[in-house]
Amino acid sequence: MGNTPAVAMNRLFPQPDVEVIAKLELMNPGGSMKDRSARHIVESGLRNGSIQRGTHLVESSSGNFGIALAIAARIHGLRFTCVLDPKAVPANVAILRHLGAEVEMVDQPDETGGYLHTRILRVQEIVANSPGAIWINQYANDRNWQAHYHGTGDELSRQLDGPPTYLFGAVSTTGSLLGCSRRLREDFPEMRVVAVDAVGSVIFGGPPGQRDVPGIGASRVPELFSPDEIDEVVHVNDFEAAVGCRELLATEGIFAGGSTGAVVAAVQRTLPRLPRPCRVVAVFPDRGDRYLDLIYDDDWFDAARRRCSN
């Protein structure tokens with residue numbers, strides 16, 4: 001886990017005086033950068049005693065963090081319940097069950113039209129009725145951002161041969177972007193940080209709306225969120241994220257997931273107005289095999305095009 005490559009995206013971004021370097025977090029064994037958070041949270045808890053051998057872990061997840069926690073729980077012999085909603089892709093549900101996780105599915109939308117609040121309520125019910133259960137709570141857990149400070153961000157600081165101008169990263173809990181930026185700014189204090197959020201996410205104060213690509217955006221503001229540390233936000237809709245995925249695959253041969261496609265789309269939109277020369281570091285958080293029925297399905301793609309153009 002970790003030690004993922006950082007590679008130049010010269011085919012996708014061939015513009016002169018521009019260098020886009022992608023940190024391929026999608027190459028972690030669980031398929032996403034969430035592997036780092038789950039490992040750090042669980043192993044830190046085991047070291048300090050806040051998690052013990054009989055602890056029952058409970059978490060709400062759209063998929064990737066749930067899978068990462070299921071891997072950590074499996075390795076350390078812990079019970080784990082993952083609370084999901086109908087937008088979870090079937091492949092994620094199957095992977096969770098094969099890893100030994102208990103899957104709870106909520107089906108009632110919350111007041112924002114999403115399911116996050118409903119999932120959290122179910123998590124709280126499970127914890128209240130299960131002795132020895134704890135809620136991991138990735139939205140408020142400082143070990144979330146610390147995993148990327150000591151992991152992703154520290155690796156990037158060693159992999160880069162010069163200062164980056166911009167850091168682009170997708171947000172949901174905001175832990176990965178904040179962890180990376182805090183570490184990188186120790187070495188490169190002039191670097192600017194761009195958050196890539198989903199259209200319909202409320203993290204930055206926008207109105208809630210339909211979001212079908214899991215893993216990016218949120219229908220609540222995370223406790224970890226620190227807006228003063230973010231210089232700019234770019235909102236990307238489902239169709240733009242899907243186009244980003246497909247263009248990345250066509251040019252670089254990288255089979256990536258929806259959050260990665262959103263980062264690609266955000267960089268493409270922003271590059272024309274960035275100063276030259278510039279070096280962009282983009283974190284690619286997830287791989288694409290779990291999006292075959294969404295982003296890489298032509299019927300879904302056409303429907304997303306129609307919906308997002310209205």
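For clarity, every value in this text was computed on a predicted model and none was experimentally measured.

What follows is about the overall build of the protein. Looking only at helices and strands, one finds nine helices and 10 strands in the protein. Here the C-alpha radius of gyration of the protein, 18 Å, is about what a compact globule of 310 residues would show, namely 19 Å. In terms of overall dimensions, the protein has C-alpha extents of about 60 × 45 × 35 Å along its principal axes. The burial tally for the protein puts 58% of its 310 residues in the buried class. Within the protein, counting contacts between residues at least 6 apart in sequence, those at least 24 apart form 70% of the total. Here the protein has roughly 12600 Å² of accessible surface; of this, 49% comes from carbon and sulfur atoms.

Quick look at the nonpolar core now. Formed by 45 residues in total, the largest nonpolar core has its most connected members in F168, V267, L271, V280 and F284. When residues of this core are assigned to their parent elements, the largest contribution, six residues, is made by helix α8 (residues 258–270). With residues near it in sequence (within four places) discarded, V280 still touches E19, V20, I21, Y166, F168, V267, L271 and L274. Counting 23 residues, the second-largest nonpolar core is a separate cluster that includes I21, L160, M191 and A195.

It is worth spelling out the pairing of strand β10 (residues 278–284) at this point. Burial runs high along β10: seven of the seven residues are buried. Where strand β2 (residues 18–24) lies against β10, seven bridges are found, and the strand directions are parallel. The partner of L24 across the bridge, within β10, is F284. Here strand β7 (residues 166–170) pairs with β10 via three bridges, running parallel. Following the sheet pairing, L167 is matched in β10 by V281.

Attention shifts here to the side chain of H148. Within the secondary structure, H148 is located in helix α5 (residues 142–159). A polar contact is formed between the side chain of H148 and the side chain of T152, at a distance of 3.0 Å. Apart from residues lying up to four places away in sequence, H148 is in contact with M33, R36, S37, G153, D154, G175, S176, G179 and C180.

Strands in a sheet are paired, the pairing made by backbone hydrogen bonds, and the direction either parallel or antiparallel. Ordered in space as β1-β2-β10-β7-β8-β9, the six strands form an open sheet in which the pairing is mixed. Strand pairing shows two members of the sheet lacking a second neighbour, β1 (6–8) and β9 (232–236), which therefore form its edges. Each neighbouring strand pair of the sheet contributes to a mean axis angle of 25°, computed without reference to strand direction. Note: strand β8 (residues 192–198) against β9, five bridges, orientation parallel. For D197, the partnering residue across the bridge sits in β9 and is H235. The strands touched by α8 within the sheet are β2, β7, β8, β9 and β10, with β9 carrying the most contacts at an inclination of about 115°.

We now examine the sheet that holds strand β4 (residues 79–84). Read from one edge of the open sheet, four strands run β5-β4-β3-β6, paired in parallel fashion. Two strands close off the open sheet at either side, each with one partner strand: β5 (102–105) and β6 (133–135). Neighbouring strand axes in the sheet, compared pairwise and without regard to direction, differ in orientation by 25° on average. Here five bridges tie strand β3 (residues 56–60) to β4, and the two strands are oriented parallel to one another. Bridging across to β4, H56 finds its partner in R79. Sheet contacts for helix α2 (residues 64–76): β3 and β4; angle to β4, the most-contacted strand, approximately 170°.

Most of β8 sits inside the fold, with six of its seven residues counted as buried. Of the crossover connections in this fold, the one passing from β7 over helix α6 (residues 175–187) to the parallel β8 is right-handed.

On to the packing of helix α7 (residues 238–252) against α8, then. Look at α7 against α8: their axes get within 7 Å of each other, and the N-to-C directions meet at 90°. Judged by the inter-axis angle, α7 sits roughly perpendicular to α8. On α8, the residues touching E240, A241, G244, C245, E247 and L248 of α7 are G258, T260, G261, A262, V264, A265, Q268 and R269. Considering only residue class, the contact of α7 with α8 consists of six nonpolar, five polar and three charged.

What counts, and where the lines are drawn
- Residues numbered from 1 in each chain as written.
- Predicted model: local features only at pLDDT ≥ 70, side-chain atom pairs only at ≥ 80, totals over all residues.
- Heavy atoms only, no water.
- Helix = DSSP H or I, 4+ residues; strand = E, 2+ residues; numbered from the N terminus.
- Rg over C-alpha atoms; globule rule 2.2 N^0.38 Å.
- Buried < 20%, exposed > 50% of the residue type's maximum accessible area, 1.4 Å probe, protein only.
- Contact = heavy atoms within 4.5 Å.
- Areas by Shrake-Rupley, 256 points an atom, 1.4 Å probe, with all protein chains shown as cover.
- Core = buried A, V, L, I, M, F, W, Y, C linked by side-chain atoms within 4.5 Å.
- Pairing = 2+ DSSP bridges.
- Polar contact = N/O pair within 3.5 Å; in protein donor to acceptor, adjacent residues only side chain to side chain.
- Axes fitted to C-alpha atoms, helices over the stretch in contact; angles between N-to-C directions.
- Right-handed = clockwise from strand over helix to strand, strands pointing away.
- Parallel < 35°, antiparallel > 145°, perpendicular 65-115°, else oblique.
- Nonpolar A, V, L, I, M, F, W, Y, C, P; charged D, E, K, R; others polar.

Geometry only, nothing functional implied.
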